[in-house]
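Inside the fold
Listed below are the residues making up each chain.
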Amino acid sequence: MIREAVKEDLKELLELYLYLHEDSIPEDSEHLRNTWNQIINDPNHHIILNVINGKIISSCVCVIIPNLTRNVRPYAFVENVVTHEEYRGRGYAGECLDYAKRIALDNNCYKMMLLTGSKKPETWHFYEKAGYNRNDKTAFYQKL
């Protein structure tokens, strides 16, 4: 079942992020809770979950960014695409990306973007199968 995250999903979502690139779950702190509340209460920030038998097994983030160009149409940025290792290769992340695309279309976005640090051809193929291309634009990245 695809749905958007609710406040009670934080702990399980952080556990899923261990399959992304995190080494540990952040310490429970006021900063963590404030950040989570900010995300959950932001109508432009969507954490999309794929839930099987009550367990979060895949997720992505879709942020709608207001914009003054392209006839004042927003764009969407997708980030943190992850699937629990036991559930990979079954289309669950693709379902999350499809949901993100529906959100972008519903918000009249003119484009969607995502970045991946993966150099694996199978990862690139996955994103291309989901409708993204890596030929039209060049991404530049600066770590802060």
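Parameters at a glance
Residues numbered from 1 in each chain as written. Predicted model: local features only at pLDDT ≥ 70, side-chain atom pairs only at ≥ 80, totals over all residues. Heavy atoms only, no water. Helix = DSSP H or I, 4+ residues; strand = E, 2+ residues; numbered from the N terminus. Rg over C-alpha atoms; globule rule 2.2 N^0.38 Å. Pairing = 2+ DSSP bridges. Axes fitted to C-alpha atoms, helices over the stretch in contact; angles between N-to-C directions. Contact = heavy atoms within 4.5 Å. Salt bridge = Lys/Arg side-chain N within 4 Å of Asp/Glu carboxyl O. Buried < 20%, exposed > 50% of the residue type's maximum accessible area, 1.4 Å probe, protein only. Core = buried A, V, L, I, M, F, W, Y, C linked by side-chain atoms within 4.5 Å.

1. Focus on the overall build of the chain
In terms of regular secondary structure, the chain is built from four helices and five strands. Listed by position from the N terminus, the elements making up the chain come as β-α-α-β-β-β-α-β-α. Taken over the C-alpha trace, the chain has a radius of gyration of 15 Å; the compact-globule value for 144 residues is 15 Å, and the two agree within 12%. Counting only C-alpha atoms, the chain reaches 40 × 35 × 35 Å along its principal axes.

2. A look at the sheet that holds strand β4 (residues 75-83)
Within the open sheet, the five strands sit side by side as β1-β2-β3-β4-β5. Their pairing is mixed. Where the open sheet ends on each side, the last strands, each with one partner, are β1 (2-4) and β5 (112-114). Between one strand axis and the next, the sheet turns by 30 degrees as a mean value, whatever way the strands run. Judged from the three bridges that link them, β1 and strand β2 (residues 45-52) form a sheet pairing that is antiparallel. Bridged to Glu 4 within β2 is Ile 48. In this fold helix α3 (residues 92-106) packs onto β1, β2, β3 (55-65), β4 and β5, with an angle of close to 30 degrees to the strand it touches most, β3.

3. Regarding the pattern of salt bridges
Summed over all chains, the structure comprises four salt bridges. Of the charged contacts, one joins Asp 28 and Arg 33 as a salt bridge, the two residues approaching to 2.8 Å between their closest N and O atoms. The class of Asp 28 is exposed, set by a relative accessible area of 55%. One salt bridge connects Arg 134 with Glu 128, and the closest N-O pair in it is separated by 2.9 Å.

4. A few points about the nonpolar core
The nonpolar side chains of a soluble globular protein tend to be buried with one another. The biggest cluster of nonpolar side chains holds 17 residues, and the ones touching the most others in it are Ile 48, Cys 60, Cys 62, Val 78, Val 81 and Leu 97. Taken together, the elements giving at least two residues each to this core come down to β3, β4 and α3. Among the elements that line this core, the one with the most residues is α3, at six residues. Ignoring sequence-local partners within four residues, the contact set of Ile 48 consists of Ile 2, Arg 3, Ser 58, Ser 59, Cys 60, Cys 62, Cys 96, Tyr 99, Ala 100 and Ile 103. Listed in part, the 15 residues of the second largest apolar core include Ala 5, Leu 14, Leu 16 and Ile 39.

5. Points about unusual backbone geometry
Look at Arg 70: it is not a glycine, yet its phi comes out positive at around 55 degrees. Within the secondary structure layout, Arg 70 lies in the loop between β3 and β4. Phi at Val 72 is positive, roughly 55 degrees, even though this residue is not glycine. Locating Val 72 in the fold gives a position in the loop between β3 and β4.

6. Quick look at the pairing of β2
Extensive coverage of β2 is indicated by the burial of six of its eight residues. Bridge count for β2 against β3 is eight bridges, and the pairing is antiparallel. Paired with Ile 52 across the two strands is Lys 55, which belongs to β3. Hairpin connection, β2 to β3: the antiparallel pair is bridged by two residues, and Asn 53 has positive phi, about 50 degrees.

7. Some remarks on the environment of His 45
Relative to the helices and strands, His 45 resides in strand β2. Along the primary structure His 45 and Val 61 are separated by 16 residues, whereas in three dimensions their C-alpha atoms are 7.4 Å apart.

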